[in-house]
Amino acid sequence: MVTVAVVGLGKMGISHLSMVRALPGVEVVGVVDSLGYLLGVLNKYTGLATYTSVDDLLKNTKPDAAIVATPSRLHYPIVKQLLEAGVSVFCEKPFTLGSIEGEELSQLAAERNLVTQVGYHNRFVGAFGEVKRLLDLGAIGEVTHGLAEAYGPVVLKPQGGTWRSKSTEGGGCLYDYAAHPLNLINWYLGEPEGVGGTVLNSVFSAEIDDEVCSTLYFSDNRTVSLSVNWSDESVRKMTTRITLWGKGGRIFVDRQEVQVYLRGDTAIPDGYQPGWNVRYTTDLTKPVDFYLRGEEYTAQLSHFTDRVRDGHQGGVNTFASAVVTDRVIERMIEDSDRGPSVLLREPVAAVSRLDRPWHVRIGVLLRSGISRITVILPGRK
């Protein structure tokens, strides 16, 4: 029997509590939240032991594992306290608001031989998982370019008052929305070498970004364009999709299906053929013990509790893999703060280098406002 505690009873915490209680071989031994009224209702109707702090929880019981679903800024201190007490941890995303903190927690968990996982649920969606399998098989050959997108109707008017609307609390489209396609790209292609052209734009929000655009640079001139907007009412709910182009074909994927075009000059996986192929997530998804919001949410908790039971540190969405996504997010923020790296109206002295072709130098001079240029060709006076 794996004993589990749930820390934080907001939207995701309540969902995780419902799902983990339904898993076979798992017992919830305590829930933690600062809201006394909510704890009272839970205790009355479920009989669960309730606590107002992690300190109180650990004084009364030591669970094998804990699910942390608090506001993002609280992840680091709570996760650290649990790890130091010898408790394996499943933490909601984003993991931490600083990659240095995330690396510290990842190292601490490794030293204590504890199991870790972060709630990037898309890795448990059948369609997204099929893309990972196809890439590992080399189905479309070397990937040359990608497009990662996420859109949704989250912030459609000026608002505030919740932790998600405050920059210091870890809210914002970048952390809450863009992190999902970023994490998938990290899964598929690894960590990029750099980022550029990042724009974090506020549409309705006062403190945080509502849309994100950026380019991720990988080795061998491979790039992935990122386009995310959670102020998009043209979609009914969050829509995450990835497009990857390779020398041997193309893959498009969202939660519903995988569309694969194979040129035929690479190894064709079993069940596929040259040309267009379609696989539906309903055919690619394994049944789960309890359905709530989507099979992937239960599947990730099953994966975590199974690993805790087996003492298996490796697996999908470990702290170490989540730190990669946190690092990319930090670099994007730095890139956005710097602004455009090349301005169209640069000073002449900065751009008219003699090693540039003559027609480029003339074009720069004309754009800078010079109205008359005398050109002396070689051998002429």
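Basis of the calculations
Numbering of residues begins from 1 in every chain and follows the order in which that chain's sequence is written. Whole-chain, interface and lining totals are the exception, using all residues; otherwise, since this is a predicted model, local features are given only for residues with pLDDT of at least 70 and side-chain atom pairs are given and counted only at 80 or more. Remark: hydrogens and water are excluded; side-chain values derive from all non-hydrogen atoms of the structure. The pLDDT value expresses, per residue, how confident the predictor is, ranging between 0 and 100. Here, two residues are considered to be in contact whenever any of their heavy atoms come within 4.5 Å of each other. Here, the term nonpolar core denotes a set of buried Ala, Val, Leu, Ile, Met, Phe, Trp, Tyr and Cys residues that are joined through side-chain atoms within 4.5 Å. Categorising residues by exposure relies on relative accessible area from a 1.4 Å probe, with only protein chains included: less than 20% of the type maximum marks a residue as buried, more than 50% marks it as exposed, and the intermediate range marks it as partly exposed. Put simply, DSSP H or I for four residues or longer makes a helix, DSSP E for two residues or longer makes a strand, and each gets a number counted from the N terminus. For every element, the axis is a line fit to its C-alpha atoms; helices are fit only across the contacting stretch, and the angle between N-to-C directions ranges from 0 to 180 degrees. In what follows, roughly perpendicular refers to angles from 65 to 115 degrees, roughly parallel to angles under 35, roughly antiparallel to angles over 145, and oblique to any angle outside these ranges. If you view the pair so one helix is near and one far, a crossing is left-handed when the near helix is turned anticlockwise from the far one by less than a right angle, and right-handed when it is turned clockwise. Strands are labelled as partners when DSSP assigns at least two bridges between them.

K.L.:
I keep staring at the confidence of the model for the protein and nothing clicks. Help me out?
P.N.:
Counting all residues, the mean pLDDT for the protein is 89, and 88% of those residues have values of 70 or more. In this model, residues 350–368 is a region of pLDDT below 50 whose contacts with residues beyond four sequence positions or in other chains number 16 contacts. Confidence drops under a pLDDT of 50 for residues 370–378, and excluding neighbours within four residues, the segment shows five contacts in the predicted structure.

K.L.:
Help me understand the nonpolar core in this model?
P.N.:
Most often, soluble globular proteins have nonpolar side chains that are buried together. One finds L83, I185, Y188, I242, L244 and F319 to be the most contacted residues of the largest nonpolar core, which totals 70 residues. The greatest single-element share of this core, amounting to 12 residues, is contributed by helix α7 (residues 173–189). What I242 contacts, discounting residues up to four positions off in sequence, is F128, L147, A148, P181, L184, I185, Y188, I251, F252 and V253. If you look at the next biggest cluster of nonpolar residues, it comprises 24 residues, including V2, L9, A65 and F90.

K.L.:
Even after reading the chapter, I still don't get unusual backbone geometry, so can you show me in this structure?
P.N.:
Trans peptide bonds make up most of the peptide bonds, and negative phi angles are found at most residues other than glycine. Geometrically, the link from K93 to P94 is a cis peptide bond, its omega value of -5° lying close to zero. Positionally, P94 belongs in the loop between β5 (88–91) and α5 (99–111). Within the chain, R293 stands out as a residue other than glycine whose phi angle is a positive 75°. By the secondary structure assignment, R293 is in the loop between α8 (281–284) and α9 (295–310).

K.L.:
Whenever I open this one, the packing of α7 against helix α10 (residues 319–338) confuses me. Can you help?
P.N.:
Relative orientation and spacing of two packed helices are given, respectively, by the angle between their axes and the distance between those axes. Taken N-terminus to C-terminus, the directions of α7 and α10 make an angle of 120°; their axes are 9 Å apart at the nearest point. By the angle class used here, α7 and α10 are oblique. As for the relative orientation of α7 and α10, their crossing is right-handed in sense. The segment α7 lies against α10, with L174, Y175, A179, L182, N183 and N186 engaging V324, T325, V328, I329, M332 and I333.

K.L.:
Can you help me understand the sheet that holds β5 in this one?
P.N.:
Remark on secondary structure: sheet strands pair via backbone hydrogen bonds, oriented parallel or antiparallel. Taken in spatial order, the six strands make up an open sheet running β3-β2-β1-β4-β5-β6, and their pairing is parallel. Since the sheet does not close on itself, it has two edges, and those belong to β3 (50–51) and β6 (116–118), each with one partner. Two elements, strand β4 (residues 65–68) and β5, share four bridges in a ladder whose sense is parallel. Directly across from A66, in β5, lies its bridge partner V89. The strands touched by α9 are β1 (2–7), β2 (26–32), β4, β5 and β6; relative to β5, the strand with the most contacts, the crossing angle is about 170°.

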